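Results of the structural survey
This is what each chain is made of:
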Amino acid sequence: MSTPTLAILITGSNQGLGFETARHLSKHPHIHLFISGRNPSRVQEAQENITKEEDCKAVIDNVVIDVSDDASIKAGVKEVEAKLNGAALDVLVNNAGVGFDRQIETLGLRTAMEKTYATNVFGVAVISESFLPLLKKSTVGPRIVNVGSGVGSLSLMSKKNWISDNLSFIAYNSSKAALSSITCTLAMKNPDIHVTVLNPGSNATNINNFTGTMDPKDGSMLIVQHALERTGKSPGFYTTGGEDLGWFPQRIPNVNLTIYEKNAGMGGAWYLDRYPELACDIPSHCVRFFVFTDFKIVISLPSKYQLSFEENSALYAPDPEICAYLEGIVDKYKLMQYIRLQHELVHARYDELTAKRHLRPRRPVVHSDPVNSIDYKEIEDMADVLFAGLDGLSRWT
Ligand SMILES: Cc1cc2nc3c(=O)[nH]c(=O)nc-3n(C[C@H](O)[C@H](O)[C@H](O)COP(=O)(O)OP(=O)(O)OC[C@H]3O[C@@H](n4cnc5c(N)ncnc54)[C@H](O)[C@@H]3O)c2cc1C
Ligand SMILES: NC(=O)c1ccc[n+]([C@@H]2O[C@H](COP(=O)([O-])OP(=O)(O)OC[C@H]3O[C@@H](n4cnc5c(N)ncnc54)[C@H](OP(=O)(O)O)[C@@H]3O)[C@@H](O)[C@H]2O)c1
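Residues numbered from 1 in each chain as written. Chains lettered and ligands numbered in written order. Predicted model: local features only at pLDDT ≥ 70, side-chain atom pairs only at ≥ 80, totals over all residues. Heavy atoms only, no water.

Under an unreviewed UniProt entry, the chain has the name NAD(P)-binding protein and belongs to Piloderma croceum. Regarding the chain, the UniProt comment filed under Sequence similarities (unreviewed entry) reads as follows: "Belongs to the short-chain dehydrogenases/reductases (SDR) family." (UniProt positions renumbered as here; feature names shortened; annotations may be inferred.)

Considering the arrangement of structural elements, one finds Ser26 in the loop between α1 (16-25) and β2 (31-37). Look at Ser26 and you get buried, because its relative accessible area is 0%. When residues no more than four places from it in sequence are discounted, the contact partners of Ser26 are Leu33, Ile50, Asp55, Cys56, Lys57, Ala58 and Ile60. (Helix = DSSP H or I, 4+ residues; strand = E, 2+ residues; numbered from the N terminus. Buried < 20%, exposed > 50% of the residue type's maximum accessible area, 1.4 Å probe, protein only. Contact = heavy atoms within 4.5 Å.)

With that settled, consider the site of ligand 1. Surveying the vicinity of ligand 1 reveals 20 residues, the closest of which are Glu261, Ala269, Cys280, Asp281 and Leu345. With respect to ligand 1, the side chain of Asn263 contributes an N or O atom lying 3.1 Å from an oxygen atom. At a separation of 2.8 Å, a nitrogen atom of ligand 1 approaches a polar backbone atom of Leu345. In isolation ligand 1 has 970 Å² of accessible area, and contact with the protein removes 70% of it. Counting only elements with at least two residues in the shell around ligand 1, the list comes to α9 (269-272) and β13 (344-351). Here the residues of the shell around ligand 1 are counted per class, giving 9 nonpolar, 5 polar and 6 charged. If you count residues domain by domain, the shell around ligand 1 takes at least three from each of domain 2 (259-339) and domain 3 (343-383). (Near = heavy atom within 4 Å. Polar contact = N/O pair within 3.5 Å; in protein donor to acceptor, adjacent residues only side chain to side chain. Areas by Shrake-Rupley, 256 points an atom, 1.4 Å probe, with all protein chains shown as cover. Nonpolar A, V, L, I, M, F, W, Y, C, P; charged D, E, K, R; others polar. Domains from an automatic or database assignment.)

Moving on: the packing of aromatic side chains. If you walk through the whole model with that rule in mind, you get 1 aromatic pair. When the ring of Tyr117 is compared with that of Phe122, the centres are 6.1 Å apart and the planes differ by 65°; the resulting orientation is edge-to-face. Residue Phe122 is classed as partly exposed on the basis of its relative accessible area of 49%. Over the ring of Tyr376 we find Arg362; its NZ or CZ atom is 3.8 Å from the centre of that ring. (Phe/Tyr/Trp six-rings, centres within 6.5 Å; stacked < 30°, edge-to-face > 60°. Lys NZ or Arg CZ within 6 Å of the ring centre and 35° of its normal.)

What follows covers the nonpolar core. Core analysis: the largest hydrophobic core is formed by 30 residues, its most contacted members being Leu9, Ile65, Val80, Leu89 and Phe131. Only β1 (6-10), α3 (70-84), α5 (109-136), α7 (170-189) and β6 (194-199) provide two or more residues apiece to this core. The element contributing the most residues to this core is α5, with 8 residues. Setting aside anything within four residues of it in sequence, one finds Leu9 in contact with Phe34, Ser36, Val63, Ile65, Val80, Leu89, Val91, Leu92, Val93 and Phe131. If you look at the next biggest cluster of nonpolar residues, it comprises 27 residues, including Ala22, Leu25, Ile60 and Leu222. (Core = buried A, V, L, I, M, F, W, Y, C linked by side-chain atoms within 4.5 Å.)

Okay, the site of ligand 2 next. Near ligand 2 there are 29 residues, and of these Leu17, Asn95, Tyr172, Asn203 and Thr205 occur at the shortest range. Note that an oxygen atom of ligand 2 is positioned 2.7 Å from one of the backbone N or O atoms of Leu17. One of the side-chain N or O atoms of Arg38 is found 2.7 Å from an oxygen atom in ligand 2. Burial of ligand 2 by the protein amounts to 96% of the accessible area it has alone, namely 890 Å². Those elements that provide at least two residues to the shell around ligand 2 are α1 and α7. Partitioned by chemical class, the residues of the shell around ligand 2 number 9 nonpolar, 16 polar and 4 charged.

Laid out in structure tokens, this is it:
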């Protein structure tokens, strides 16, 4: 067996998403994995089940940690440190989570909230803080991966048409919003540690009485991806489709945005060039925007994954599909309100005195004169920032 180079601890990994994450990670020979949970026999059983799988290649350890209990966390850190034998902990996956909203009638609201927060909020804060010294020893880019939820996004939650079965779960939902906030604070306080919070989607596990729509074998792949490598930004909020734009209502508030496009439609090169059988010459997913959430990860083999796209019929998508995709992005994110079609930028000048960009786009004006039916009218505009998204083939006229 090769020497492990990545030490990963997953809280609450004796069942559900945590267990499936551990199972996927166990196929990698370079990993030293700590399966963890609050119940010693369940943790032991999970370790045995993973270790006996034929293709288990990682070094598997276990540690009992109840994240709602400071003494248990302290003992757990000591045990992990001893088992690491001088090595660092590279990745902490804060996966343990509970929900008590269905028991509010019997427990009372305050107790239900306290019990939920003890694990989902206080637990994450304390265990992260406690493992910082071991994480900071890492030389491979330490990270904290928090398993959050779509209900942890205030932006998504405040959307009238956002559909979730558990919108009324006041304790659970607010605990996941607090987790998003903890993610930001941990990232700001520890710039050397990459901190993300994930929305694994609705998975059939114990926490929701197995009513979720996804198999946790699949939902856990997002956690696996973030555990295996530094993915995205820190702090960052991610779903299976990439960055979740629902973290903040507007990523840059109060921007007055105008997009000048010289063509009469969207799609750039793909809009202009329409000859038969035109298709991209690289796999479709390379011409898609990873920032948007509408591509999905398809699991092919336990330890490998490939990207695939629902809408594309072919690996090398034909031009009409690429155009439809680009137009779909404009529709979906309501970008048309910012776009001025048939506006070609013909002049741009920076004025040092005012620190402004002076711009001159031109647009066609139709004349009644049939010989010279199209003319152009130039207009003046001003901007603080100018992003030039012209393709390499375009020239200033
Ligand atoms: C026929 C063809 C096939 C191609 N196939 C592939 C492929 O298979 N794989 C691949 O990776 N690449 C391919 N390319 C390269 C292609 O350019 C890129 O895939 C991609 O479209 C480039 O994106 P872009 O945003 O940089 O440029 P564009 O998509 O060209 O977008 C630039 C936009 O800027 C606008 N613009 C330019 N000047 C001005 C101005 N002065 N004022 C206002 N608006 C302006 C243009 O109208 C256009 O909409 C192909 C290009 C062509 C022409
Ligand atoms: N399932 C979904 O649809 C979904 C969606 C979004 C987010 N999530 C999040 O995903 C994470 C995993 O949940 P899951 O769906 O896999 O549910 P699960 O099957 O119930 O697993 C939760 C795990 O957390 C452990 N745990 C609970 N309290 C703990 C504590 N105080 N200390 C240590 N471990 C503790 C549980 O241990 P025991 O076995 O001892 O109970 C269990 O192993 C949670 O954070 C959850 O909020 C789930």
